[in-house]
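Architecture and fold: a report
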Amino acid sequence: MNLSAQFSQALAEMGLNLDAATQARLLDYLALLAKWNQTYNLTAIHEPERMLTHHLLDSLALLPYVTGERLLDVGSGGGLPGIPLAIARPELRVTVLDSNHKKAAFMQQAVIELKLANVEVVCDRSEAYRPGAPYPQIVCRAFSDLSEFVRATRHALAKGGEWLAMKGVYPNEEIAQLKGARLKRDAVLKVPGLAAERHLIVLQAEEETA
Ligand SMILES: C[S@@+](CC[C@H](N)C(=O)[O-])C[C@H]1O[C@@H](n2cnc3c(N)ncnc32)[C@H](O)[C@@H]1O
């Protein structure tokens, strides 16, 4: 089966309904990531099938949990999960932020080449970034432990907003020692072809809990 057929089948298994043009745009992004990865070392994963499962499908597993109109992805690296989410949901406005200049340059290139009108790229440290308006949701994948994620982005979260952290192992210890936030909900993310566990941890600000 070719990559495009594998992708369609996996999306169906995940219950995600994305039209053919959107699927093609997502694969174009993956191809661009693979191309730039040869020079810029954006990800340790090189094989197309593994990039599909570990990057594209893993990012898209977050789609059912994206509820607001705007989203901040911190430590986005090559644009994961923010860029796939933005391609899948053109009405969603996504800011992808990374302090690494090479990674931000790649993301800017993706915005230009793929004409991603709903993506803003910011090259800054999350602690220093001051958005024009706070975000209803802030996401991260492979960024930091939960308390650090909250500390580094608290100023950018809207009142009543939530943090979404993607984790490979359920972070019992990090939740027990969490500072500045409380667990709101968690979910197991189902990613076809990915043997590793995937967890979503949703947090809310401590002062907003009863
Ligand atoms: C392990 S990579 C993960 C990249 C991407 N989220 C993924 O899942 O493939 C972590 C990224 O966070 C960025 N980063 C680390 N600390 C940061 C900070 N304080 N502010 C902004 N970016 C940061 C790094 O430059 C790196 O690109």
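Residues numbered from 1 in each chain as written. Predicted model: local features only at pLDDT ≥ 70, side-chain atom pairs only at ≥ 80, totals over all residues. Heavy atoms only, no water.

1. Some details on the UniProt feature "binding site: S-adenosyl-L-methionine" (unreviewed entry) in the protein
Taken from the UniProt record, the annotation "binding site: S-adenosyl-L-methionine" (unreviewed entry) applies to Gly75, Leu80, Ser126, Glu127 and Arg141. On the secondary structure map, Gly75 appears in the loop between β1 (70-74) and α4 (82-88). Those residues in contact with Gly75 that lie beyond four places of it in its chain are Leu97, Asp98, Arg141 and Phe143. Residue position: Leu80 is located in the loop between β1 and α4. Judged by its relative accessible area of 7%, Leu80 is buried. Aside from chain neighbours lying at most four places away, what touches Leu80 is Tyr29, Leu33, His55, Ser59, Asp73 and Arg141. (UniProt positions renumbered as here; feature names shortened; annotations may be inferred. Helix = DSSP H or I, 4+ residues; strand = E, 2+ residues; numbered from the N terminus. Contact = heavy atoms within 4.5 Å. Buried < 20%, exposed > 50% of the residue type's maximum accessible area, 1.4 Å probe, protein only.)

2. Let's talk about the side chain of Asn37
With respect to the helices and strands, Asn37 occurs in helix α2 (residues 20-40). At 2.6 Å, the side chain of Asn37 forms a polar contact with the backbone nitrogen of Leu42. Sequence-distant contacts of Asn37, that is, excluding residues within four places in its chain, are made with Leu42, Thr43, Ile45 and His46. (Polar contact = N/O pair within 3.5 Å; in protein donor to acceptor, adjacent residues only side chain to side chain.)

3. A short note on the pattern of salt bridges
Evaluated as defined, the whole model comprises 8 salt bridges. A salt bridge links Glu47 to Arg50; the nearest nitrogen and oxygen atoms lie 3.4 Å apart. The partly exposed category is assigned to Glu47, whose relative accessible area is 38%. By relative accessible area, Arg50 is classed as partly exposed at 38%. Across the pair Glu127 and Arg125 runs a salt bridge, and its minimum N-O distance is 3.2 Å. Given the relative accessible area of 24%, Glu127 is considered partly exposed. A network of salt bridges, in which partner residues are shared, links Arg125, Glu127, Glu148 and Arg151. (Salt bridge = Lys/Arg side-chain N within 4 Å of Asp/Glu carboxyl O.)

4. Let's talk about helix α6 (residues 146-153)
Counting buried residues in α6 gives 6 out of 8 residues, a clear majority hidden from the surface. Along α6, the residues that are buried comprise Leu146, Ser147, Phe149, Val150, Ala152 and Thr153. Looking at the buried positions of α6, the neighbouring elements they touch are β1, β4 (135-141), β5 (157-167), α7 (172-176), β6 (181-188) and β7 (199-205).

5. Details of the pairing of strand β3 (residues 119-123)
Direction of pairing for strand β2 (residues 93-98) relative to β3: parallel, over a ladder of 5 bridges. If you follow Asp98 over to β3, its bridge partner there is Cys123. The parallel pair β2 and β3, bridged by helix α5 (residues 101-113), forms a crossover whose chirality is right-handed. (Pairing = 2+ DSSP bridges. Right-handed = clockwise from strand over helix to strand, strands pointing away.)

6. Remarks on the site of the ligand
Taken together, 16 residues sit near the ligand, with Gly75, Leu80, Asp98, Ser126 and Arg141 positioned nearest. Residue Lys103 places a side-chain N or O atom 3.2 Å away from an oxygen atom belonging to the ligand. Contact between the ligand and Glu127: a nitrogen atom at 3.1 Å from a side-chain N or O atom of the residue. Against a free-state accessible area of 590 Å², the protein chains account for coverage of 76% of the ligand. (Near = heavy atom within 4 Å. Areas by Shrake-Rupley, 256 points an atom, 1.4 Å probe, with all protein chains shown as cover.)

7. Some thoughts on unusual backbone geometry
At the junction of Leu80 and Pro81, the peptide bond is cis and its omega measures out at 10° in the coordinates. Assignment of secondary structure puts Pro81 in the loop between β1 and α4. Phi is positive for Lys115, close to 50°, though the residue is something other than glycine. Given a relative accessible area of 67%, Lys115 falls into the exposed group. The backbone phi angle of Ala142 is positive, close to 55°, even though this residue is not glycine. With respect to the helices, strands and loops of the structure, Ala142 is situated in the loop between β4 and α6. The exposure class of Ala142 is exposed, given its relative accessible area of 77%.

8. Points about the packing of aromatic side chains
If you walk through the whole model with that rule in mind, you get 4 aromatic pairs. Considering the side-chain rings of Trp36 and Tyr40, the 5.1 Å spacing of their centres and the 25° angle between planes classify their relative orientation as stacked. Remark: Tyr40 and Trp36 occur in helix α2; sequence separation between them is 4 residues, near one turn of the helix. A cation over a ring is seen here: Arg70 above Tyr135, with NZ or CZ 4.2 Å from the ring centre. (Phe/Tyr/Trp six-rings, centres within 6.5 Å; stacked < 30°, edge-to-face > 60°. Lys NZ or Arg CZ within 6 Å of the ring centre and 35° of its normal.)

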